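Structural overview for review
Listed below are the residues making up each chain.
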Amino acid sequence: AKRFSLTTLFVSLLFSGLAQQPQVYNQFFMNPYMYNPAYAGVEGHAAAFAMYRDQWTNIEEAPQISHVSFHVPLEGGIALGGAAFNITQRLLSSSAAKASPSYLFIIDRTHFLRFGMSLGAGINSVNINEFDSPGDQAFDNFLDQSTFFIGDFGVAYHFGHFNVGVSLPNLFSYNPITQKEVADVEFSPTDNILFKMNYRGHVNDDFAFEPHIIYRFSNVIPHQYEAVMIAHLYHIVWAGASYRQDAGIIGLAGAKIAEKFAIGFSYELGNSNIASELGPTLEVNIGYHLGTKKDHAEHVSSFIKSHRLSAEERARKAELERQKRLAALQESRENIAS
């Protein structure tokens, strides 16, 4: 079996600090539930999403992250969601799953509030046997595995195509390094707060623009803002870019099929000062609507269905237009006959 040095472990532990902080995803706009549990059920459909992220491709020990989620609106304004993720960092790995109930409060026909909360658990592991000297005293304080709790809470407000949300991504504290003895660290769920808002503006039936703004407040790491602009072309393809403070520019592109399936790609250049050493970060996301829109879904905001009107509303509008033309034609014929 391939062996590794203690230095390799220290490098991996450095990267494992990612697990302590809220995860960052380049294509969160496809599935805002990734950042805020209040968005469970917002698609109006039963919806499934999957994401894979290859971080810093020039670094062999850099993290590889996978994330899957599912959420569905139920009757009475209730929705349920669930998610699972895995972070692999050479000799370290973290896996966790959570469940998320949410509730939609209807203010009036155009204003809505959502509330959501997630609870779950996970496991960290270190493969100590892969090291050159697994019996070294340096490993005495390490466990092969350890468990932890995860949770988040969020609120979202919707007005037309405008959405704004606030979430607490870390309700519990945990140490991603599997140690027997961990120093006590003061923790508060408000140490990390994420603010997000977006708007979808429809220029016409075939073109829409969609800006997103994110601000990450933290008492642990530096604060960070992020700006994204997406253009929907014929609601079949999209293209865009984002800028994340201290992380550089990110290219975004994707396609949608039959208002049910979407696939997106991102290419993150990274901080210009160290981009050549770390390499780019690649990410792919897919989303799928299962079945038809739920009739009891009182409010819907979907990236996959980005038309100004839903397919059902467009069909009704087209039928009304057809009936008007037929009535006008009939009236014209009657006038000629008389």
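The structure presented is a predicted model; accordingly, all values stated were derived computationally and were not measured. (Residues numbered from 1 in each chain as written. Predicted model: local features only at pLDDT ≥ 70, side-chain atom pairs only at ≥ 80, totals over all residues. Heavy atoms only, no water.)

What to know about a nonpolar patch on the surface
Cut-off, in case you're wondering: Patch members must show over 30% relative accessible area and no salt bridge, and they are joined within 9 Å when carrying like charges or within 5 Å when they are nonpolar side chains of Val, Leu, Ile, Met, Phe, Trp or Tyr. Only the protein chains shown count as cover for residues, and the accessible areas themselves come from Shrake-Rupley with a 1.4 Å probe. Salt bridge, as used here: a side-chain nitrogen of Lys or Arg that lies within 4 Å of a carboxyl oxygen of Asp or Glu. Going along the chain from the N terminus, every DSSP run of H or I of four or more residues is numbered as a helix, and every run of E of two or more is numbered as a strand. Here's how the labels work: a residue is buried when its accessible area is under 20% of the maximum for its type, exposed when over 50%, partly exposed in between, all with a 1.4 Å probe on protein chains only.
The grouping of Leu74, Ile78, Leu80, Tyr103, Phe105, Ile107, Phe115, Met117, Leu119, Phe149, Phe153 and Phe172 at the surface amounts to a nonpolar patch, some 1100 Å² of accessible area in total. Going through the elements one at a time, β3 (78-89), β4 (92-106), β5 (111-126) and β6 (145-159) are the ones with two or more residues in the nonpolar patch. Take the nonpolar patch: its biggest share by element is 3 residues, from β5. Structurally, Leu119 can be placed in strand β5. Leu119 sits in the partly exposed class, given a relative accessible area of 46%.

Focus on the pattern of salt bridges
Applying the stated rule across the entire model yields 8 salt bridges. Put simply, Arg53 and Glu283 hold a salt bridge, and the shortest N to O gap is 2.8 Å. Within this pair, whereas Arg53 is found in strand β1 (residues 46-54), its partner Glu283 is found in strand β15 (residues 281-290), the two being separated by 230 residues in sequence. Summarising the burial analysis for this pair, Arg53 and Glu283 share the class buried. Put simply, Glu226 and Arg216 hold a salt bridge, and the shortest N to O gap is 3.0 Å. In this pair, Glu226 is assigned in strand β11 (residues 224-233) and Arg216 in strand β10 (residues 207-218), connecting sequence segments 10 residues apart. Each member of the pair Glu226 and Arg216 is classed as buried. Connected via shared salt-bridge partners are Arg53, Arg216, Glu226, Arg244, Glu268 and Glu283.

Points about the confidence of the model for the protein chain
For clarity, the threshold we go by: Every residue is assigned a pLDDT by the predictor, reflecting its confidence on a scale from 0 to 100. By definition, residues are in contact when any of their heavy atoms lie within 4.5 Å.
Looking at the protein chain as a whole, its pLDDT mean stands at 85, while 82% of the residues score no less than 70. For the stretch residues 4-19, pLDDT sits under 50, and the model shows 43 contacts to residues farther than four places along the chain or on other chains.

A look at the pairing of β10
For clarity, the threshold we go by: DSSP calls a pair of strands paired once it identifies at least 2 bridges connecting them.
Judged by which residues are buried, β10 turns out to be one-sided: Ala208, Glu210, His212, Ile214, Arg216 and Ser218 face inward and are buried, whereas Phe207, Phe209, Pro211, Ile213, Tyr215 and Phe217, on the alternate face, are not. Of the pairings in the sheet, the one linking strand β8 (residues 192-199) to β10 comprises 7 bridges and is antiparallel in character. Among the inter-strand pairings, Asn198 is bridged to a residue of β10, identified as His212. As paired strands, strand β9 (residues 201-204) and β10 are joined by 3 bridges and run antiparallel to one another. Across the sheet, Asn204 pairs through a bridge with Phe207, a residue of β10. What sits between β9 and β10 in their antiparallel hairpin is a turn of 2 residues. Judged from the 10 bridges that link them, β10 and β11 form a sheet pairing that is antiparallel. Paired with Glu210 across the bridge in β11 is Ile230.

Some details on the packing of aromatic side chains
Here is the rule we go by: Here a Phe, Tyr or Trp ring, Trp counted by its six-membered ring, pairs with any other such ring whose centre lies within 6.5 Å, and the pair is stacked when the planes are under 30 degrees apart, edge-to-face when over 60, and tilted otherwise. Cation placement over rings: the criterion is NZ of Lys or CZ of Arg within 6 Å of the ring centroid and within 35° of the ring normal.
Taken as a whole and assessed by the stated rule, the structure comprises 9 aromatic pairs. Between the aromatic rings of Phe149 and Phe172, the centroid separation amounts to 6.3 Å while the plane-to-plane angle is 50 degrees, which identifies the pairing as tilted. Of this pair, Phe149 sits in strand β6 while Phe172 sits in the loop between β7 (162-168) and β8; the two residues are 23 residues apart in sequence, bridging distant segments of the chain. Owing to a relative accessible area of 58%, Phe149 belongs among the exposed residues under this scheme. Overall, Phe172 belongs to the partly exposed group, its relative accessible area being 34%. Residues Phe195 and Tyr215 carry aromatic rings whose centres are separated by 6.4 Å and whose planes lie at 35 degrees to one another, so their mutual orientation is tilted. On the criterion of sequence distance, the pair formed by Phe195 in strand β8 and Tyr215 in strand β10 is long-range, its members being 20 residues apart. The class for Phe195 is partly exposed, based on a relative accessible area of 36%. On the basis of relative accessibility, which here comes to 33%, the residue Tyr215 falls in the partly exposed class. Taken together, Tyr25, Phe28, Phe29, Tyr35, Trp238 and Phe303 form an aromatic cluster joined through their ring pairs. Across from the ring centre of Tyr33, 5.7 Å away, lies the NZ or CZ of Lys98, which sits over that ring.

Brief notes about the nonpolar core
Stated precisely, the cut-off is as follows: By nonpolar core we mean a set of buried residues, namely Ala, Val, Leu, Ile, Met, Phe, Trp, Tyr and Cys, connected to one another through side-chain atoms within 4.5 Å.
Phe29, Ile230 and Trp238 are the most contacted members of the largest nonpolar core, which has 25 residues in total. It is β1 that provides the largest number of residues to this core, a total of 3 residues. Ranked by size, the runner-up nonpolar core spans 8 residues in total, among them Tyr33, Tyr39, Val42 and Ala156.

Some points on the side chain of His45
Along the chain, the position of His45 falls in the loop between α1 (6-20) and β1. Relative accessible area serves as the criterion here: at 3%, His45 is assigned to the buried category. Those residues in contact with His45 that lie beyond four places of it in its chain are His71, Val72, Pro73, His289, Leu290, Gly291, Thr292, Lys293 and Lys305.

What to know about empty space enclosed by the protein
Going by this rule: Residues are said to line a cavity or pocket when one of their atoms sits within 4 Å of a point; the points come from a 1 Å grid over protein atoms alone, cavities being sets where a 1.4 Å probe fits but cannot get out and pockets being open sets with protein on both sides within 12 Å along at least five of seven lines. Grid points are joined across faces, edges and corners, and a volume is the space filled by probe spheres set on the points.
Overall, the coordinates contain 4 cavities of 30 Å³ or more when judged by the stated rule. Computed from the structure, the second largest cavity encloses a volume of approximately 90 Å³. Around the second largest cavity, the lining is made up of 13 residues, and of these Pro73, Gly77, Leu104, Arg114 and Ala297 lie nearest the centre.

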